[in-house]
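# Analysis of the macromolecular model
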Amino acid sequence: MSDRPETPLLDTVQYPDDIRKLDRNQLPQLAEELRQEVISAVSVTGGHLGAGLGVVELTVAIHYVFDTPNDKLIWDVGHQAYPHKIVTGRRDRIRTLRQGGGLSGFTKRSESDYDPFGAAHSSTSISAALGFAIANKLSDSPGKAIAVIGDGAMSAGMAYEAMNNAAAAGNRLVVILNDNDMSIAPPVGSLRNSLARLVSSGKYLAPRRLAQKLARAMPEPLHVAARRMEEYARGLVTGGTLFDELGFYYVGPVDGHDVRALVEVLENVRDAPEGPMLVHVVTKKGKGYGPAESAADKYHGVVKFDVVSGVQAKAAPGAPSYTGVFAKALIGEAERDDKIVAITAAMPSGTGLDKFEEKFPDRTFDVGIAEQHAVTFAAGLAAQGYRPFCAIYSTFLQRAYDQVVHDVAIQNLPVRFAMDRAGLVGADGATHAGSFDLAYLCTLPNFVVMAAADEAELVHMVHTMALHDSGPSAVRYPRGEGRGIPMPEIPERLAIGKGRIVKQGNKVAILSLGTRLAEAEKAAEQLEAKGLSTTVADLRFAKPLDEELIRKLLTTHEVAVTVEEASIGGLGAHVLTLASDEGLVDAGLKIRTMRLPDTFQDHDKPEKQYDEAGLNAPHIVETVLKALRVNSAGVEEVRA
Ligand SMILES: Cc1ncc(C[n+]2csc(CCOP(=O)(O)OP(=O)(O)O)c2C)c(N)n1
Ligand SMILES: CC(=O)[C@@H](O)[C@H](O)COP(=O)(O)O
Ligand SMILES: [Mg+2]
């Protein structure tokens, strides 16, 4: 348990009103105590550290200057909101972060009035803030909307869609660009260079110089042109033109760790007659904690760690991660085929493509947080004869659904989708669960959709996808480690649409898809012990279904149960459709589908989440017994 830091000033702050009672000369001390509290808390909870450390001063300054929660503060992604949570009435729970029943790791409406909008998927803050701003304008109610968006999140198109519409908000909208020159990995693309020019264009903006300029920002139309000219001239010097052209009054760059300068600038911005404003704040990810500052990833995501040394807790060596198995398998494919290229949307380490890039730097593309672009970019590559593997977490692929339909499926282009984090993901909670990819992909003509039951299967599926040129394909696999089974020397090309019998029985058939296979096998053992002969099948393909195998199973067993770590609308729905289309249930077959519940499950340990979802062996056994109307001893219940 890490010693709690001495925080005499922070101890007097429960809510932002308490901050606003302080003398501004006390704010640097408050910020430093807040930083120590964040380090101490995350050292015992794990979670996102670097981003929050970088916005400690900004958090204090925003709550000091703006009238939160009446002014709506929206954090983009929300992973940097731990300092915000501490000063908005949640310090007493900050050490429950990302644990079952504890605080969310992101901002969440149901958690606090100070979280007016939930986040976790990036680049939504400006759109949401604009909604609040326009609502305030329409209802003639006071109150500003402040969006804090990072340089990484600013690489997503959605941010520009919002900025393009923001002029209508006038001075009710303030966008604070938190530029720490980091995404999860170093940021990519031309925006980075543009921001770098801004930052390197000279010293930070002096608050008083801003005050003079804003004082001259006269609203009369007569002077708007003059102001625009002055802005444009200034933009040419400071490079703020990009934002000026999008209708913002660019203010910056501002030192994001000088809390008093931040307060002065934000007071000017708050009181400016015009807007919307974009305040360009320059910060350091991991600020104030040596191990984070010196780490390549700035301790973006950490497990529990020792505060003094910064050394993170090491998990006991276990089976290889699915991510690592995918990367290694793809490297093997790329060594055989120079048409294989890989695309990530700002998640090189999370998808394992950082390992692929070490081998094939020219065939790896990090497009930034731009999943929509990633998919259509991949479609272009495929149309020109390449074999692109688009490695995007299941949840983040949701953002590019129309590109998947319109640019890939309809054109039947052989884009390969590696969907990591399929199923429940644990501490990141509902926003990051990969629940819906089967529902949203299996409904698309031309698609081949696979689910790896274990790490060996994943190798075979990557190989099968590498060779599948006749249309789009996708493989899903979960966050975390495999089963620790022997890995294949040589990958096998799987027959598309063919599943496999893992265990043969004759009374109960469990049709499993994905890694619930392990639980299906345990359930089969328990059912056999009750005298119920059980077949276990790994269907491998959610699309196309192995209709021959399913038909055989459904016509030769008394009970059939489908099991998948996915929402309704996936495997079970398609098996039921086949069964009803072919009248396979007419002869009295008892068929049950087991899938994720129709709820957004909160964060917890994955094993707890699957227990809550009712997708473990005991639940499978119970489902079968209920279908057979026998009790746990396997004895026929007397029919009512
Ligand atoms: C749509 C989407 N894609 C990917 C991610 C994963 N992700 C979380 S934070 C992050 C980097 C954000 O960078 P930035 O906005 O600069 O924030 P910083 O961590 O630097 O404070 C990414 C890629 C996400 N949350 N949402
Ligand atoms: C904030 C964010 O979206 C990412 O940092 C995400 O939490 C990464 O998830 P993994 O830890 O599963 O890679
Ligand atoms: Mg950043």
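Being a predicted model, the structure only gives us computed values, none of them experimental.

### Some words on the coordination of the magnesium ion (ligand 3)
The protein atoms donating to the magnesium ion (ligand 3) are Asp151 (OD), Asn180 (OD1) and Met182 (O), with metal-donor distances spanning 2.0 to 2.2 Å. Between consecutive donors of the magnesium ion (ligand 3), the numbers of intervening residues give the motif D-x28-N-x1-M. This pair shows no difference in class: asparagine 180 is buried, exactly as methionine 182 is.

### Structural notes on the packing of helix H6 (residues 125-138) against helix H7 (residues 157-164)
Viewed as axis vectors pointing N to C, H6 and H7 meet at an angle of 25°, and their least axial separation amounts to 7 Å. Comparing the axis directions of H6 and H7 gives the class roughly parallel. Contacts between H6 and H7 involve Ile126, Ser127 and Leu130 from the first element and Met158, Ala159, Ala162 and Met163 from the second.

### Some words on the environment of histidine 280
Note on placement: histidine 280 falls in strand E6 (residues 277-282). Given the relative accessible area of 0%, histidine 280 is considered buried. Taking the C-alpha atoms as reference points, histidine 280 and alanine 261, 19 residues apart in sequence, are found 13 Å from one another. With near-sequence residues (within four places) excluded, histidine 280 lies in contact with Leu177, Asp179, Leu195, Leu198, Val199, Tyr250, Val251, Gly252, Pro253 and Val254. There is a polar contact of 2.9 Å between the side chain of histidine 280 and the side chain of aspartate 179. Of note is the side chain of histidine 280, whose polar atom sits 2.7 Å from the side chain of tyrosine 250.

### Observations concerning the site of ligand 1
Around ligand 1, a shell composed of 23 residues is seen, among which His79, Ala120, Gly152, Lys285 and Glu371 lie nearest. In the environment of ligand 1, an oxygen atom lies 3.1 Å from a nitrogen or oxygen atom belonging to the side chain of aspartate 151. A distance of 2.7 Å is found between an oxygen atom of ligand 1 and a backbone nitrogen or oxygen belonging to glycine 152. Coverage of ligand 1 by the protein amounts to 97% of the 580 Å² it exposes when considered alone. Among the domains, domain 1 (10-201 + 238-302) and domain 2 (322-476) are the pair contributing at least three residues each to the shell around ligand 1.

### Some remarks on the site of ligand 2
Taken together, His48, Val77, Phe106, Ile184, His300, Tyr393, Phe396, Arg421, Asp428, His432 and Arg479 make up all the residues around ligand 2. Measuring from an oxygen atom of ligand 2, one finds a side-chain N or O atom of histidine 300 at 2.8 Å. When ligand 2 sits alone it has 360 Å² of accessible area, and the protein chains cover 85% of it. Grouping the constituent residues of the shell around ligand 2 by class yields five nonpolar, three polar and three charged. Residues from two domains meet in the shell around ligand 2; each of domain 1 (10-201 + 238-302) and domain 2 (322-476) gives at least three.

### Focus on the sheet that holds strand E2 (residues 72-75)
Reading across from one edge, E2-E3-E4-E6-E5 is the order of the five strands in this open sheet, with parallel pairing throughout. In the strand order of this sheet, the two ends are held by E2 and strand E5 (249-255), each with one partner. Averaged over neighbouring strand pairs, the angle between their axes works out to 20° when direction is ignored. Where E5 meets E6, five bridges bridge the pair, whose relative direction is parallel. Bridge pairing in E6 links valine 251 to valine 279.

### Regarding the side chain of aspartate 115
Within the fold, aspartate 115 resides in the loop between helix H5 (82-90) and H6. Since its relative accessible area comes to 2%, aspartate 115 is described here as buried. Of the polar contacts made by the side chain of aspartate 115, one reaches the side chain of arginine 90; its length is 2.7 Å. If near-sequence neighbours (up to four positions away) are discounted, aspartate 115 is found in contact with His84, Lys85, Arg90, Thr107, Lys108 and Arg109.

### Quick look at the sheet that holds strand E14 (residues 500-503)
Taken in spatial order, the five strands make up an open sheet running E14-E16-E15-E18-E19, and their pairing is mixed. At either end of the open sheet lies a strand with only one pairing partner, and these are E14 and strand E19 (590-594). Averaged over neighbouring strand pairs, the angle between their axes works out to 20° when direction is ignored. Of the strands in this sheet, strand E15 (508-513), strand E18 (559-564) and E19 touch helix H24 (residues 571-581), which is tilted by about 145° from E18. Each of E15, E18 and E19 is contacted by helix H26 (residues 617-628), which is oriented at about 155° to E19, the strand it contacts most.

### Focus on the UniProt feature "binding site: thiamine diphosphate" (unreviewed entry) in the chain
As recorded in UniProt, the feature "binding site: thiamine diphosphate" (unreviewed entry) lies at His79, Ala120, His121, Ser122, Gly152, Ala153, Asn180, Tyr289 and Glu371. Taking the farthest pair of C-alpha atoms as the criterion, the annotated set spanning 293 residues is dispersed, since that pair is 31.9 Å apart. Restricting the annotated residues just mentioned to those that line the second largest pocket leaves His121. Along the chain, the position of histidine 121 falls in the loop between H5 and H6.

### Points about the UniProt feature "binding site: Mg(2+)" (unreviewed entry) in the chain
Within this numbering scheme, the UniProt entry marks Asp151 and Asn180 as carrying the feature "binding site: Mg(2+)" (unreviewed entry). Taking the farthest pair of C-alpha atoms as the criterion, the annotated set spanning 30 residues converges on one region, since that pair is 6.9 Å apart. Relative to the helices and strands, aspartate 151 is located in the loop between strand E3 (145-150) and H7. Residue aspartate 151 is classed as buried on the basis of its relative accessible area, which comes to 4%. Not counting residues within four places of it along the chain, the set of residues in contact with aspartate 151 comprises Leu177, Asn178, Asp179, Asn180, Asp181, Met182, Pro187, Leu191 and Leu195. Tracing the sequence through the fold places asparagine 180 in the loop between strand E4 (173-179) and helix H8 (190-199).

### Here we look at the pattern of salt bridges
Should their charged atoms come close, side chains of opposite charge can pair. Tallying each qualifying case throughout the model produces 40 salt bridges. Ionic pairing is found between arginine 483 and glutamate 521, a salt bridge with its closest N-O pair at 3.0 Å. With arginine 483 in the loop between strand E13 (473-476) and E14 and glutamate 521 in helix H22 (residues 517-528), this pair connects stretches of sequence that are 38 residues apart. When salt bridges with common partners are traced through the structure, they connect Asp454, Glu457, Arg500, Asp538 and Arg540 into a single cluster.

### Considering the layout of surface pockets
Estimates place the volume of the second largest pocket at around 340 Å³. The wall of the second largest pocket is formed by 23 residues, among which Ala119, Gly429, Ala430, Thr431 and Phe600 lie closest to the centre. Grouping the amino acids of the lining of the second largest pocket by side-chain chemistry returns seven nonpolar, twelve polar and four charged.

Conventions adopted
In this convention, every chain numbers its residues from 1, walking through the sequence in written order. For this description, chains carry letters from A and ligands carry numbers from 1, given in the order in which they are written. pLDDT decides what is reported in this predicted model: residues at 70 or higher carry local features, side-chain atom pairs at 80 or more are listed and counted, and totals for whole chains, interfaces and linings draw on all residues regardless. Side-chain measures here rest on the full set of heavy atoms in the structure, leaving out hydrogens and waters. Water is not part of the atom set, so a site may look incomplete; the donors themselves are N, O and S atoms within 2.8 Å of the metal, or 3.2 Å for Na, K and Ca. Type-normalised accessible area, obtained with a 1.4 Å probe on protein chains alone, sets the label of each residue: buried when under 20%, exposed when over 50%, and partly exposed for intermediate values. Inter-axis angles, ranging from 0 to 180 degrees, are taken between N-to-C directions of lines fitted to C-alpha atoms, where helices are fitted over the stretch in contact. Working definition: helices are DSSP H or I runs of at least four residues, strands are E runs of at least two. Numbering for both runs from the N terminus. Any angle between 65 and 115 degrees counts as roughly perpendicular, while under 35 counts as roughly parallel, over 145 as roughly antiparallel, and the rest as oblique. Whether two residues are in contact is decided by their heavy atoms, any of which lying within 4.5 Å being enough. Between N or O atoms, a polar contact is any pair within 3.5 Å; within protein, one atom must be a potential hydrogen donor and the other a potential acceptor, and residues adjacent in sequence are included only when both atoms are from side chains. Near, as used in this document, describes a residue that has one of its heavy atoms within 4 Å of the molecule or strand being considered. Values of accessible area rely on a 1.4 Å probe in the Shrake-Rupley scheme; residue burial ignores everything except the protein chains shown. How far each domain reaches was decided by an automatic or database domain assignment. We call Asp, Glu, Lys and Arg charged. Ala, Val, Leu, Ile, Met, Phe, Trp, Tyr, Cys and Pro are nonpolar, and the rest, Gly among them, are polar. By the convention used here, strands pair only if DSSP detects at least 2 bridges between them. UniProt positions are given in the numbering used here, feature names are shortened, and annotations may be inferred rather than shown by experiment. Put simply, the grid is 1 Å and covers the protein atoms alone, a cavity is a trapped set of points that fit a 1.4 Å probe, a pocket is an open set with protein on both sides within 12 Å along at least five of seven lines, and lining residues have an atom within 4 Å of a point. Salt bridges are counted wherever a side-chain nitrogen of Lys or Arg sits within 4 Å of a carboxyl oxygen of Asp or Glu. Grid points are joined across faces, edges and corners, and a volume is the space filled by probe spheres set on the points.

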